Amino acid sequence: MLPSWVKWWLILDFPIILWDAMFLIMRPHSLPGGKYSFIWCWGEGQTSGYGAYIRADKIYGDMSDPWSVAQMYGNLIEMVLQLYTVWLLIKRKPSSTFWVFTVSLMTFFKTLLYLFYELIQMEKVWSIYTDPTNWLMSYVLPTSVWFLLPFLCMILSGHEMISALNITHQQKKIKQMK
């Protein structure tokens, strides 16, 4: 049985991913100064929220870069899988462990691919050299959550699946010995 925080992580992650996906879907209206920017950008000059984030992660504000749109579609698939997984967890279905592992693996590697893409295009997309504090607070710290928690979910669910396989294997061996 997985700890309850796994279910709560998936439940809390869902609206954040939805908010993120909607920011990308609604561009240019979600960008600072846009018709619906107040949902994502606030503060004086709309410099908080995504207003700060797009100063650290230029891809989100770049309408010509297809990567952010591609990862947004990944977000939408991830959201559907999260809903299904939470439903399985609530119903206490045995397959929930497999789906926790699957959606966590997807989240982890989607985040990793995003990081690799940005590292490859560092000069183009990062403003680390002009504002390291904004980069740390708006990019590094939030992104680390999407590495750490999915990784922990993968470890826990993977361990549970391997334990179940070992028990099944042991039971088969005992039956063969009889």
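Quick look at the structure, then.

Notes on the overall build of the protein chain
So, point 1. Each helix and strand counted, the protein chain has six helices and two strands in total.
So, point 2. Each helix (α) and strand (β) of the protein chain, taken in turn from the N terminus, gives the series α-β-β-α-α-α-α-α.
So, point 3. At 20 Å, the protein chain has a C-alpha radius of gyration far larger than the 16 Å of a compact globule built from 178 residues.
So, point 4. Taking the principal axes of the C-alpha coordinates as reference, the protein chain spans close to 75 × 30 × 25 Å.
So, point 5. Sorting the 178 residues of the protein chain into buried and exposed places 39% on the buried side.
So, point 6. Across the protein chain, the fraction of contacts at a sequence separation of at least 24, relative to all contacts at a separation of at least 6, is 67%.
So, point 7. Summed over its atoms, the accessible surface of the protein chain is roughly 10,400 Å², and 72% of this surface lies on carbon and sulfur atoms.
So, point 8. Charged side chains of the protein chain number 14 positive and 11 negative; the gap between the two group centres comes to 20 Å.

Brief notes about a nonpolar patch on the surface
So, point 1. Taken together, the side chains of Trp5, Leu148, Phe151, Leu152, Ile155 and Leu156 present a nonpolar region at the surface, about 500 Å² in accessible area.
So, point 2. Looking at the nonpolar patch, the element that brings in the most residues is helix H6 (residues 132-177), giving five residues.

A closer look at the nonpolar core
So, point 1. Phe23, Tyr50, Tyr53, Tyr60, Tyr114 and Tyr139 are the most contacted members of the largest nonpolar core, which has 16 residues in total.
So, point 2. Secondary-structure elements contributing two or more residues to this core are helix H1 (4-25), helix H2 (50-56) and H6.
So, point 3. The leading source of residues in this core is H2, at four residues.
So, point 4. Among residues more than four places away in sequence, those in contact with Tyr53 are Tyr60, Tyr114, Ser138 and Tyr139.
So, point 5. Judged by nonpolar contacts, the second largest core, of 11 residues, contains Val6, Leu10, Val86 and Trp146.

Describing the environment of Ser138
So, point 1. Tracing the backbone shows Ser138 in helix H6.
So, point 2. According to the relative accessible area criterion, Ser138 is buried, its value standing at 13%.
So, point 3. A sequence separation of 90 residues divides Ser138 from Ser48, and the C-alpha atoms of the two residues are 9.4 Å apart.
So, point 4. When residues no more than four places from it in sequence are discounted, the contact partners of Ser138 are Ala52, Tyr53 and Ala56.

Let's talk about the packing of helix H3 (residues 66-90) against helix H4 (residues 96-120)
So, point 1. For the pair H3 and H4, interaxial distance at closest approach is 9 Å and the crossing angle is 160°. The orientation of H3 with respect to H4, classified from their angle, is roughly antiparallel. Judged by the twist between their axes, the crossing of H3 over H4 is left-handed. Here H3 contributes Trp67, Gln71, Gly74, Asn75, Ile77, Glu78, Leu81, Gln82, Tyr84, Thr85, Leu88 and Leu89 to the contact with H4, which in turn contributes Ser96, Trp99, Val100, Val103, Met106, Thr107, Lys110, Leu113, Tyr114 and Tyr117.
So, point 2. Residues of the contact of H3 with H4, tallied by class, amount to 13 nonpolar, seven polar and two charged.

Rules and cut-offs
Residues numbered from 1 in each chain as written. Predicted model: local features only at pLDDT ≥ 70, side-chain atom pairs only at ≥ 80, totals over all residues. Heavy atoms only, no water. Helix = DSSP H or I, 4+ residues; strand = E, 2+ residues; numbered from the N terminus. Rg over C-alpha atoms; globule rule 2.2 N^0.38 Å. Buried < 20%, exposed > 50% of the residue type's maximum accessible area, 1.4 Å probe, protein only. Contact = heavy atoms within 4.5 Å. Areas by Shrake-Rupley, 256 points an atom, 1.4 Å probe, with all protein chains shown as cover. Lys, Arg positive; Asp, Glu negative; His and termini not counted. Charge placed at Lys NZ, Arg CZ, Asp CG, Glu CD. Patch = residues over 30% accessible without salt bridge, like charges linked within 9 Å, V, L, I, M, F, W, Y side chains within 5 Å. Salt bridge = Lys/Arg side-chain N within 4 Å of Asp/Glu carboxyl O. Core = buried A, V, L, I, M, F, W, Y, C linked by side-chain atoms within 4.5 Å. Axes fitted to C-alpha atoms, helices over the stretch in contact; angles between N-to-C directions. Parallel < 35°, antiparallel > 145°, perpendicular 65-115°, else oblique. Left-handed = near helix turned anticlockwise from the far one by under 90°. Nonpolar A, V, L, I, M, F, W, Y, C, P; charged D, E, K, R; others polar.

That is the geometry; function is a separate question.
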